[in-house]
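What follows is each chain in one-letter form.
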There are 2 protein chains.
Amino acid sequence: MELLKNRIVEQGKIIGDDIVKVDMFLNHQLDVALLEEMGKEIYRLFSDRGINKILTIETSGIAIACMAAQQFRVPVVFARKVKSRNISEDVYTAEVYSFTKNITYPIRVSQEYLNADDNLLIIDDFLANGKAVCGLLEIAEQSGAKVSGVCAAIEKGFQSGGRELREKGVPLKSLAIVDAICDGKITFRDEDC
Amino acid sequence: MELLKNRIVEQGKIIGDDIVKVDMFLNHQLDVALLEEMGKEIYRLFSDRGINKILTIETSGIAIACMAAQQFRVPVVFARKVKSRNISEDVYTAEVYSFTKNITYPIRVSQEYLNADDNLLIIDDFLANGKAVCGLLEIAEQSGAKVSGVCAAIEKGFQSGGRELREKGVPLKSLAIVDAICDGKITFRDEDC
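Cut-offs and rules
Residues numbered from 1 in each chain as written. Chains lettered and ligands numbered in written order. Predicted model: local features only at pLDDT ≥ 70, side-chain atom pairs only at ≥ 80, totals over all residues. Heavy atoms only, no water. Helix = DSSP H or I, 4+ residues; strand = E, 2+ residues; numbered from the N terminus. Rg over C-alpha atoms; globule rule 2.2 N^0.38 Å. Buried < 20%, exposed > 50% of the residue type's maximum accessible area, 1.4 Å probe, protein only. Areas by Shrake-Rupley, 256 points an atom, 1.4 Å probe, with all protein chains shown as cover. Lys, Arg positive; Asp, Glu negative; His and termini not counted. Charge placed at Lys NZ, Arg CZ, Asp CG, Glu CD. Least-squares fit on C-alpha atoms with pLDDT ≥ 70 in both. Contact = heavy atoms within 4.5 Å. Patch = residues over 30% accessible without salt bridge, like charges linked within 9 Å, V, L, I, M, F, W, Y side chains within 5 Å. Salt bridge = Lys/Arg side-chain N within 4 Å of Asp/Glu carboxyl O. Arc of directions from axis to C-beta. Axes fitted to C-alpha atoms, helices over the stretch in contact; angles between N-to-C directions. Parallel < 35°, antiparallel > 145°, perpendicular 65-115°, else oblique. Left-handed = near helix turned anticlockwise from the far one by under 90°. Phe/Tyr/Trp six-rings, centres within 6.5 Å; stacked < 30°, edge-to-face > 60°. Lys NZ or Arg CZ within 6 Å of the ring centre and 35° of its normal. Expected span 1.5 Å × (residues − 1). Polar contact = N/O pair within 3.5 Å; in protein donor to acceptor, adjacent residues only side chain to side chain. Buried area = accessible area lost by both parts, 1.4 Å probe.

Colleague: Just give me the short version of the overall build of chain A, but keep the residues and values in it.
Modeller: Helix and strand counts for chain A come out as six helices and eleven strands. Compactness check: chain A gives a C-alpha radius of gyration of 16 Å against a globular reference of 16 Å for 193 residues, within 12% of the reference. When the 193 residues of chain A are sorted by exposure, 55% land in the buried category. Summed over all atoms, the accessible surface of chain A reaches about 8,500 Å², with 46% contributed by carbon and sulfur. Counting 24 positive and 29 negative side-chain charges, chain A places the centres of these two groups 2 Å from one another.

See below:
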């Protein structure tokens, strides 16, 4: 998505050779006009899949998921990152390892809001090692829901998550794939995602 | 807002005499069609205030803030709830006490995204004791920004936050004010908010 790639180049903050911060428009301040266009692009990519619900994870996935949901006219369910590992019978749960924070945290979705009749699109802001998406896929599997699409706004193509998911047959498309960050310059993957 | 009040009655889960859970449409699953209408109502209430930015707090404020921002055509900034109290010079910060969790946690906004030229609308999902809104007002004050409106989706009128804020002259309007929960029945405040 050219609009997003341009914005990443213009307003992303590059730290070292592997971090691009997009707090200016996606992770702290939200440019809602840009997010609307991202929602439309996600609809263009996945509108033929019969999606009836969007699954995301707090915090930064929520805004993008809502904008896409406006196009699909479906509800959003967001997984909560929780502190306690207390067993509760009415939730689906998975463990997610965060490389950034070097911690494993549980995520949860109430069983009330996902079930075997659902046909899901999973949306998240960043895809790097893919652990958050794997957690969401695990939760979907527990619920019996079908996953007909996975969409990351920004995929770090130089980390392994995207490749591993595609190799497993997960229907992943990313709006922008950053293939390399070198000397402060970002290279995007050319292919049409 | 009748649409929201009706939805609270139909889908809210009442626990005891002081809790109404709205996970079905606002706090876990998000009914984006309803949120859009809430965004339009917030615009109707505050459109004459010259708002140039919406300030909210993660997690559940984000979706409502985005829907309102679509109407105002302004960006959203969301305060982050952070764990560490490490001093950082480039953030505004405040402490928020949560009665539900009985903890005080710091919230933060990068100085980059708020300044004295801003004219803010503060939005949150619930207003009970008003501590989150007070934290956001404190952050706004640190930045020098003007606050021209505060909007809660659901105010618990039987707790003191709303009254205290109004007595201080804070321009607060809530979309639905729950005045009492008694024997599983919700009474809303009649006045037009």
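Colleague: Please give an account of the relation of the copies chain A and chain B that cites residues and values.
Modeller: Under the fitted operation, chain A is carried onto chain B by 0.0 Å of movement along the axis and a turn of 180 degrees, and the coordinates agree to an RMSD of 0.0 Å. In symmetry terms, the pair is related by a two-fold rotation axis. Both copies present the same face, since 100% of the interface residues in chain A are matched by interface residues at the equivalent positions in chain B.

Colleague: Any details on the side chain of aspartate 23 of chain B? Residues and values, ideally.
Modeller: The topology assignment puts aspartate 23 of chain B in helix H2 (residues 23-27). Excluding its chain neighbours within four sequence positions, the residues that come into contact with aspartate 23 of chain B are Arg80 and Tyr113 of chain A together with His28 and Gln29 of chain B.

Colleague: Could you give me a rundown of a positive patch on the surface, with the residues and numbers involved?
Modeller: Judged by side-chain charge, Lys81, Lys83 and Lys101 of chain A together with Lys81, Lys83 and Lys101 of chain B come together as a positively charged surface patch. Looking at the secondary structure, you find lysine 83 of chain B in the loop between strand E5 (76-81) and strand E6 (91-98).

Colleague: I'd love a proper account of helix H1 (residues 2-11) of chain A, names of residues and values included.
Modeller: Residues and elements named next belong to chain A. What H1 keeps buried is the set Leu4, Lys5, Arg7 and Ile8. Viewed along the axis of H1, the buried residues span an arc of 160 degrees, placing them on a single side of the element. Facing away from the buried surface of H1 by more than 90 degrees, the exposed residues are Glu2, Val9 and Glu10. Each element contacted by the buried residues of H1 is listed here: strand E2 (19-21), helix H2 (23-27), helix H3 (32-46), strand E9 (146-156), strand E10 (172-182) and strand E11 (185-188).

Colleague: Any chance you could break down the pattern of salt bridges for me, citing the residues and the numbers?
Modeller: Inspection of the entire model under this criterion finds 24 salt bridges over all chains. Put simply, glutamate 36 of chain B and arginine 73 of chain A hold a salt bridge, and the shortest N to O gap is 3.0 Å. Here glutamate 36 of chain B is found in helix H3 (residues 32-46), whereas its partner arginine 73 of chain A is found in the loop between helix H4 (61-72) and strand E5 (76-81) on a different chain. For glutamate 36 of chain B, a relative accessible area of 14% corresponds to the buried category. For arginine 73 of chain A, a relative accessible area of 51% translates into the label exposed.

Colleague: Can you lay out the packing of H3 of chain B against helix H4 (residues 61-72) of chain B for me, pointing to particular residues and giving the numbers?
Modeller: All names here are of chain B. As a packed pair, H3 and H4 sit with axes 8 Å apart at the nearest point and diverge in direction by 55 degrees. Relative to H4, the element H3 is oriented oblique. Taken as a pair, H3 and H4 cross one another with a handedness that is right-handed. In this structure, H3 uses Val32, Leu35, Glu36, Met38, Gly39, Lys40, Ile42, Tyr43 and Phe46 to contact H4, whose residues at the interface are Ala63, Ile64, Met67, Ala68, Gln71 and Phe72.

Colleague: Explain the packing of aromatic side chains residue by residue, including any values.
Modeller: All names here are of chain A. Inspection of every chain in the model, using the stated rule, returns four aromatic pairs over all chains. Between the aromatic rings of tyrosine 97 and phenylalanine 99, the centroid separation amounts to 4.8 Å while the plane-to-plane angle is 75 degrees, which identifies the pairing as edge-to-face. A residue is classified by how much of its surface remains accessible, and tyrosine 97, at 29% relative accessible area, is partly exposed. A cation sits over an aromatic face here: lysine 173 above phenylalanine 46, 5.7 Å from the ring centre.

Colleague: How would you explain unusual backbone geometry if you had to name every residue and give the values?
Modeller: Cis geometry is adopted by the peptide bond preceding threonine 59 of chain A, which originates at glutamate 58 of chain A and carries an omega value of 0 degrees. Checked against the element boundaries, threonine 59 of chain A lands in the loop between strand E4 (53-57) and H4. One non-glycine residue, aspartate 183 of chain B, adopts positive backbone phi at about 50 degrees. You can see aspartate 183 of chain B is positioned in the loop between strand E10 (172-182) and strand E11 (185-188). A relative accessible area of 75% means that aspartate 183 of chain B is categorised as exposed.

Colleague: Break down H3 of chain B for me, citing the residues and quoting the values.
Modeller: Residue and element names in this part refer to chain B. Across its 15 residues, H3 extends 21 Å between first and last C-alpha, which sits within 8% of the 21 Å expected from 1.5 Å per residue. Of the positions making up H3, those classed as buried are Val32, Leu34, Leu35, Glu36, Met38, Gly39, Glu41, Ile42, Leu45 and Phe46. Structurally, the start of H3 carries an N-cap: the backbone nitrogen of alanine 33 is 3.1 Å from a side-chain oxygen of aspartate 31.

Colleague: Could you give an account of the environment of isoleucine 42 of chain B, naming the residues involved and the relevant values?
Modeller: Checked against the element boundaries, isoleucine 42 of chain B lands in helix H3. If near-sequence neighbours (up to four positions away) are discounted, isoleucine 42 of chain B is found in contact with Ile64, Ala68, Phe72, Leu121, Ile123, Cys151 and Leu175 of chain B.

Colleague: Would you mind going over the interface of chain A and chain B in detail, with residue names and values included?
Modeller: The interface of chain A with chain B comprises 33 residues on the first partner and 33 residues on the second. For the pair chain A and chain B, the summed buried area comes to about 2,900 Å², and 56% of that belongs to carbon and sulfur atoms. Interface area lost by chain A to chain B is led by His28, Gln29 and Tyr113 of chain A, which between them contribute 24%. Taken together, chain A and chain B are joined by 19 residue pairs in polar contact (both at pLDDT 80 or more). If you list the elements that add at least two residues to the side of chain A that touches chain B, you get H2, strand E3 (29-30), H3, H4, E5 and strand E7 (103-110) of chain A. Sort the elements by how many residues they give to the side of chain A that touches chain B and H4 of chain A lands first, with six residues.

Limitation: the analysis is restricted to geometry and does not speak to function.
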